[in-house]
Every structure is written in structure tokens, then in C-alpha cells.
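# Topology and contacts: notes
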Amino acid sequence: MITGAQIRAGRALLRWRAADLANKAGIGTASVHRAEAVDAAPDMRVATLTAIGAAMEAVGVRFIPGGVLRI
């Protein structure tokens, strides 16, 4: 499972606003903010975290344990 810290870092690498990620993941902006509010795995639905991860991975972000790497 991806962490809030990884989501923040991935979004920063992409230079996306929270609204950009929300639109690409098909979720609300509040969900992005809630996911990023913690450093650990956010306490939210798996489907929401999967959508966030898939949106970022679709444009080149690769999540690895303990960090984010953009290829």
C-alpha cells in the first residue's frame, strides 16, 4: 500500500495540484488531501488509494518501499 508521504512526493515530482491528481484518479480533492495528511498508509478505502496510485503510475511514477522513484 502506498503512503501519504509517497503520494505527496509523487505529486511534487509531477508538479500536479491536488485537483490535477483528483481529476486523473476520478476522486474528490478532499480525498487527495486526506491521503496526504499522514506519512504512513492513509486510513481510507483501498479503491481510492488504488486509483491514486494508478493515476500516477500511468504517467511514469513508480512506487517503491520507503520512497518514490519517477522513471
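Coordinates for the structure precede this section.
In this text the structure is predicted, and so the values were computed from the model without any measurement. (Residues numbered from 1 in each chain as written. Predicted model: local features only at pLDDT ≥ 70, side-chain atom pairs only at ≥ 80, totals over all residues. Heavy atoms only, no water.)

## Describing the overall build of the protein chain
Worth spelling out the cut-off: Think of it this way: any DSSP run of H or I at least four residues long counts as a helix, any run of E at least two long counts as a strand, and we number them from the N terminus. Based on C-alpha atoms, the radius of gyration is set beside the globule rule, defined as 2.2 Å times the residue count to the power 0.38. Burial classes: relative accessible area under 20% of the type maximum marks a residue as buried, over 50% as exposed, and values in between as partly exposed (1.4 Å probe, protein chains only). To be clear on the numbers: accessible area is Shrake-Rupley with a 1.4 Å probe, and residue cover counts the displayed protein chains and nothing else.
The number of helices and strands found in the protein chain is 4 helices and 2 strands. Listing the helices and strands of the protein chain from first to last along the sequence gives α-α-α-α-β-β. In terms of overall size, the protein chain behaves like a compact globule, its C-alpha atoms giving a radius of gyration of 10 Å where 71 residues would be expected to give roughly 11 Å. The burial tally for the protein chain puts 42% of its 71 residues in the buried class. When the accessible surface of the protein chain is split by element, carbon and sulfur atoms take 54% of a total near 4100 Å².

## Considering the side chain of Glu36
Heads up, the rule is: Only heavy atoms matter for contacts: two residues are in contact if any of them lie within 4.5 Å across the pair.
One can find Glu36 in helix H3 (residues 29-36). A relative accessible area of 9% means that Glu36 is categorised as buried. With near-sequence residues (within four places) excluded, Glu36 lies in contact with Gly4, Ile7, Arg8 and Arg11.

## Things to note about the nonpolar core
This is how it is decided: Only buried residues count toward a nonpolar core, which is a set of Ala, Val, Leu, Ile, Met, Phe, Trp, Tyr and Cys residues joined through side-chain atoms within 4.5 Å.
Residues Ile2, Ile7, Leu21, Ile27, Val32, Ile52 and Met56 are the most contacted members of the largest nonpolar core, which totals 19 residues. Counting residues per element, the ones that place at least two in this core are helix H1 (4-14), helix H2 (18-25), H3, helix H4 (46-57) and strand E1 (61-64). The element contributing the most residues to this core is H4, with 5 residues. With residues near it in sequence (within four places) discarded, Ile2 still touches Ile7, Ala41, Pro42, Leu49, Ile52, Gly53 and Phe63.

## Brief notes about H2
Note the threshold: Arc definition: it is the arc formed by the directions from the helix axis to the C-beta atoms.
Buried residues of H2: Ala18, Leu21, Ala22 and Ala25, and no others. When H2 is viewed along its axis, its buried side chains cluster within an angular range of 100° and face the same direction. Seen from the buried face of H2, the exposed residues on the opposite side, beyond 90 degrees, are Asn23 and Lys24. Next to the buried residues of H2 lie H1, H3 and H4. Note on H2: the residue one or two positions beyond its end, Gly26, has a positive phi of about 70°.

## What about unusual backbone geometry?
Trans is the common state for peptide bonds, and a negative phi is the common state for residues other than glycine. With a phi angle near 60°, Arg15 is a residue other than glycine that sits in the positive phi range. Turning to its location among the elements, Arg15 is positioned in the loop between H1 and H2.

Everything listed here is a matter of coordinates, which is why it stays silent on function.
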